[in-house]
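# Architecture at a glance
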Amino acid sequence: MINIGKVIYNRTHDLVDGKCYPLVADLTTKYPFIIYEKTTSFPTESKDSYCQYIHNITIRIVDDKYDKAVALSEECLTRLVESEGMIIEDIEILEVTLDSISEEYIDNAFVQIINIEIKTN
């Protein structure tokens, strides 16, 4: 199974000084930071019997300033969409599709939530 988290980390970690984590961040993590989660990942067969993967990813951008969280989420999304056609960490990115964007306020922090689908070889 492909570790799609390597792609998310590679494209976004420098936006938050390396504070980009799978699933959870420590309670002591300073703002801003990114948390990413693979919600589903499954193989598909193309008409050439070539196996591709579809990954549904949720990315949370967390900061104590609303405008900064929004700006970071926009840059994060831009970088991921621009990954189409690239090979990152030995993973070929075929397509990146935005499913939805939402936001929350949790524990005195603004959270921007991006749901995307990434198709890979």
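Our subject in this report is the structure included herewith. (Residues numbered from 1 in each chain as written. Predicted model: local features only at pLDDT ≥ 70, side-chain atom pairs only at ≥ 80, totals over all residues. Heavy atoms only, no water.)

## Here's the deal with the pattern of salt bridges
Selection criterion: For this analysis, a salt bridge means a side-chain nitrogen from Lys or Arg found within 4 Å of a carboxyl oxygen belonging to Asp or Glu. In this description a helix means any DSSP run of H or I spanning at least four residues, a strand means any run of E spanning at least two, and both kinds are numbered starting from the N terminus. To sort residues, take the accessible area from a 1.4 Å probe on protein chains only and compare it with the maximum for the residue type: under 20% means buried, over 50% means exposed, and anything in between is partly exposed.
Scanning the model with the defined rule gives five salt bridges in all. The partner of Arg79 in a salt bridge is Asp14, and the shortest N-O contact between them spans 2.5 Å. With a gap of 65 residues between them, Arg79 in helix α2 (residues 66–81) and Asp14 in the loop between α1 (5–12) and β1 (20–22) connect regions that are remote in the sequence. Of the charged contacts, one joins Lys119 and Glu95 as a salt bridge, the two residues approaching to 3.9 Å between their closest N and O atoms. Here Glu95 lies in strand β5 (residues 91–106) and Lys119 lies in strand β6 (residues 109–120), a separation of 24 residues in the sequence. Judged by its relative accessible area of 25%, Lys119 is partly exposed. A cluster of three or more residues bridged by salt bridges with shared partners is formed by Asp14, Glu75 and Arg79.

## Observations concerning the sheet that holds strand β2 (residues 33–45)
Filter applied, for reference: DSSP bridges decide pairing: two strands pair if at least two such bridges lie between them.
Strand order in the open sheet made by the six strands is β1-β2-β3-β6-β5-β4, with mixed pairing throughout. With one partner strand each, in any of the chains shown, β1 and β4 (87–88) form the two edges of the open sheet. Relative to β6, strand β3 (residues 51–63) is paired through eleven bridges, and the arrangement is antiparallel. When the bridges of β6 are listed, Ile59 appears paired with Ile114.

## With respect to the environment of Ile34
Convention followed: The contact criterion used is simple: two residues touch if any of their non-hydrogen atoms lie within 4.5 Å.
Structurally, the position occupied by Ile34 is in strand β2. For the pair Ile34 and Tyr21, spaced 13 residues apart in sequence, the C-alpha separation works out to 6.2 Å. With residues near it in sequence (within four places) discarded, Ile34 still touches Thr12, Val16, Lys19, Cys20, Tyr21, Ile59, Arg60 and Ile61.

## Notes on the layout of surface pockets
The criterion, for reference: Only protein atoms enter the 1 Å grid, on which a cavity is a set of points fitting a 1.4 Å probe that cannot get out and a pocket is an open set with protein on both sides within 12 Å along at least 5 of 7 lines, lining residues being those with an atom within 4 Å of a point. Grid points are joined across faces, edges and corners, and a volume is the space filled by probe spheres set on the points. Polar here means any residue other than Ala, Val, Leu, Ile, Met, Phe, Trp, Tyr, Cys and Pro, which are nonpolar, and Asp, Glu, Lys and Arg, which are charged; Gly is therefore polar.
Size it by volume and the largest pocket reaches roughly 350 Å³. Contributing to the lining of the largest pocket are 15 residues, with Tyr31, Phe33, Val62, Ile106 and Asp107 lying nearest its centre. Class assignment for the residues of the lining of the largest pocket results in ten nonpolar, one polar and four charged.

## Quick notes on the nonpolar core
Going by this rule: Nonpolar core, defined: a set of buried Ala, Val, Leu, Ile, Met, Phe, Trp, Tyr and Cys residues in which side-chain atoms within 4.5 Å join the residues together.
Within the largest apolar cluster, 24 residues are counted, with the highest numbers of intra-cluster contacts made by Ile59, Ile116 and Ile118. Secondary-structure elements contributing two or more residues to this core are α1, β2, β3, α2, β5 and β6. One finds Ala25, Phe33, Val62 and Ala109 within the second-largest nonpolar core, a separate group that totals seven residues.

## Describing the packing of aromatic side chains
Note the following rule: Within 6.5 Å between ring centres, the rings of Phe, Tyr and Trp (the latter by its six-membered ring) count as paired, and their orientation is classed by plane angle as stacked under 30 degrees, edge-to-face over 60, tilted in between.
Applying the stated criterion across every chain yields a total of three aromatic pairs. Where Tyr66 meets Phe110, the ring centres are 5.6 Å apart and the plane angle is 75 degrees; that geometry is what we call edge-to-face. One end of the pair, Tyr66, is in helix α2; the other, Phe110, is in strand β6, and 44 residues separate them in sequence. Phe110 sits in the partly exposed class, given a relative accessible area of 24%. Taken together through their ring pairs, the aromatic side chains of Tyr66, Tyr105 and Phe110 make up a single cluster.

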